[in-house]
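Per-entry structural report
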Number of protein chains: 2
Amino acid sequence: MDELKARILSEGKVLPGNIIKVGSFLNHRIDTALMGRMADEFARHFDISKITMILTIEASGIALASVCSYKWGIPMLFAKKAKSDNIENGIICCEIYSYTYKKNVTVMVESELLKPTDNVLIMDDFLANGEAIRGLTDLVREAGASLEGIGIAVEKGFQGGGDKFRKMGIDIYSLAVIDSAENGTIKFRD
Amino acid sequence: MDELKARILSEGKVLPGNIIKVGSFLNHRIDTALMGRMADEFARHFDISKITMILTIEASGIALASVCSYKWGIPMLFAKKAKSDNIENGIICCEIYSYTYKKNVTVMVESELLKPTDNVLIMDDFLANGEAIRGLTDLVREAGASLEGIGIAVEKGFQGGGDKFRKMGIDIYSLAVIDSAENGTIKFRD
């Protein structure tokens, strides 16, 4: 998506460790008008009429998933990290390794909110090594629901997470795939 | 807002400790169509034309703030909890006590994303004791920005957080104020 790539080039910063910072419009301050146009782009790729649930993970994925959910008229569900007081019994959960926090994190959804009849589109703002998305696919499988596809705003192609899902035959669509960020220069996959 | 109150009565559950669970439509699975109508209700109370930034806090506040942001054409910013790798120097932060996690948590925004010229509407899905919202008002003050008001979906009136801000003369508008939840029966403030 050309508009997203242009924003990454004009506002993105590459930090040590190949961290790509796009907090001015994608995952801290949020340009929801841009997200509306990203929703339109996803809707050109995926058959939205088939989707009954958008699944994302806290925190920053909630913004993109919410705007898509609102525009498409489809409910969304976000997986929570770690256990909080107001989750009763009846959860589906799995472990993922968080590279941000450098430890295993439990992600969960309440089982009554994700049903075997659901056709799920997983969405997130960022995909790097793919641990978070792998966790979400596990939750979908555990619920007995169908995975229709994975929609990502920015994929760090050089970390391999996206290609892993492509090899598994999953329909994954990333609006911008960054193939290298050497010396602070961002290069996109064609 | 009658529609929200009706949903709380039909789908909400009161758990021990007066925890009110509305995860089926407000803060786990999200009914973004309802949130669109909540945005309309907030826009009847607040002068949206004055607002330049919606400020919320991760995680579940992001959904409501995103839908309002998209509908109103105003950017949103969410405060993050704890320090993660991809936040550089230049942050505004404060401490809040999390009753969910029973410990102090640092909340922060990048200072370049919240400016002294900003007119801020703080939004969140839930208000109980008001610690999270108090933290957000501190961030607004620290940034030198103007606080225009606070918009809340569900206020637990019996925990006093909302009335504390009202006494300070802050324009706080909650779409549903729950004044008691004794024996599992939810009663709203008139």
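Let us look at the structure shown here.

Our focus in this paragraph is the relation of the copies chain A and chain B. Of the two same-sequence chains, chain A is brought onto chain B (RMSD 0.0 Å, axial shift 0.0 Å) by a rotation of 180°. What the superposition gives is, in effect, a two-fold axis relating one chain to the other. Relative to the rotation axis, the closest C-alpha in chain A is found at A59 of chain A, a distance of 2.5 Å. Looking at the interface residues of chain A, 100% of them are also at the interface in chain B, so both copies use one shared face.

A word on the pairing of strand β7 (residues 103-110) of chain B. All names here are of chain B. Sheet topology note: the strand β5 (residues 76-81)/β7 ladder contains two bridges and is antiparallel. Looking across to β7, one finds that K81 is bridged to V107. Pairing of strand β6 (residues 91-98) with β7, which is carried by eight bridges, proceeds in the antiparallel orientation. Its bridge partner being in β7, I91 is matched across the sheet by E110.

Here we come to helix α4 (residues 131-143) of chain B. All names here are of chain B. An ideal rise of 1.5 Å per residue puts 18 Å on 13 residues; α4 measures up with 18 Å between its terminal C-alpha atoms. Listed as buried for α4 are A132, I133, G135, L136, L139, V140 and A143. Down the axis of α4, the buried side of the element spans an arc of 155°, and every buried residue falls inside it. Immediately downstream of α4, the backbone of G144 shows phi near 75°, a positive value.

This part takes up the environment of C93 of chain A. All names here are of chain A. Relative to the helices and strands, C93 resides in strand β6 (residues 91-98). Residue classification places C93 among the partly exposed positions, given that 17 C-beta atoms sit within 10 Å. Separated by 90 residues in sequence, C93 and N183 have C-alpha atoms that sit 39 Å apart. In this view, C93 contacts T106, V107 and M108; residues no more than four positions away in its chain are not counted.

Turning next to the packing of helix α2 (residues 32-45) of chain B against helix α3 (residues 61-72) of chain B. Residues and elements named next belong to chain B. Closest axis-to-axis distance for the α2/α3 pair is 9 Å, and the angle between their directions is 65°. For the crossing formed where α2 meets α3, the hand is right-handed. Where α2 abuts α3, its residues T32, M35, G36, M38, A39, F42 and A43 lie against A63, L64, V67, C68, K71 and W72. Class assignment of the residues belonging to the contact of α2 with α3 gives a composition of 10 nonpolar, two polar and one charged.

Mapped onto the fold, M35 of chain A is located in helix α2 (residues 32-45). Residue class for M35 of chain A comes out buried when judged on the 26 C-beta atoms lying within 10 Å of it. Sequence-wise, M35 of chain A and N104 of chain A are 69 residues apart; in three dimensions their C-alpha atoms are separated by 30 Å. If we ignore the near neighbours within four places in the chain, the residues touching M35 of chain A are I30, A63, L64 and V67 of chain A together with Y70 of chain B.

Contacts between the two partners involve 33 residues from chain A, matched on the other side by 33 residues from chain B. Listed by contribution, the elements that provide at least two residues to the side of chain A that touches chain B are β2 (19-21), β3 (29-30), α2, α3 (61-72) and β5 (76-81) of chain A. When residues in the side of chain A that touches chain B are grouped by element, the largest group, six residues, is from α3 of chain A. Of the residues in the side of chain A that touches chain B, the class split is 15 nonpolar, 11 polar and seven charged. Note: β3 of chain A against β5 of chain B, two bridges, orientation antiparallel. Bridging across to β5 of chain B, I30 of chain A finds its partner in M76 of chain B.

About the criteria used
- Residues numbered from 1 in each chain as written.
- Chains lettered and ligands numbered in written order.
- Predicted model: local features only at pLDDT ≥ 70, side-chain atom pairs only at ≥ 80, totals over all residues.
- Least-squares fit on C-alpha atoms with pLDDT ≥ 70 in both.
- Contact = placed C-beta atoms within 7 Å.
- Pairing = 2+ DSSP bridges.
- Helix = DSSP H or I, 4+ residues; strand = E, 2+ residues; numbered from the N terminus.
- Expected span 1.5 Å × (residues − 1).
- Buried ≥ 20, exposed ≤ 12 C-beta atoms within 10 Å, placed from the backbone.
- Arc of directions from axis to C-beta.
- Axes fitted to C-alpha atoms, helices over the stretch in contact; angles between N-to-C directions.
- Left-handed = near helix turned anticlockwise from the far one by under 90°.
- Nonpolar A, V, L, I, M, F, W, Y, C, P; charged D, E, K, R; others polar.

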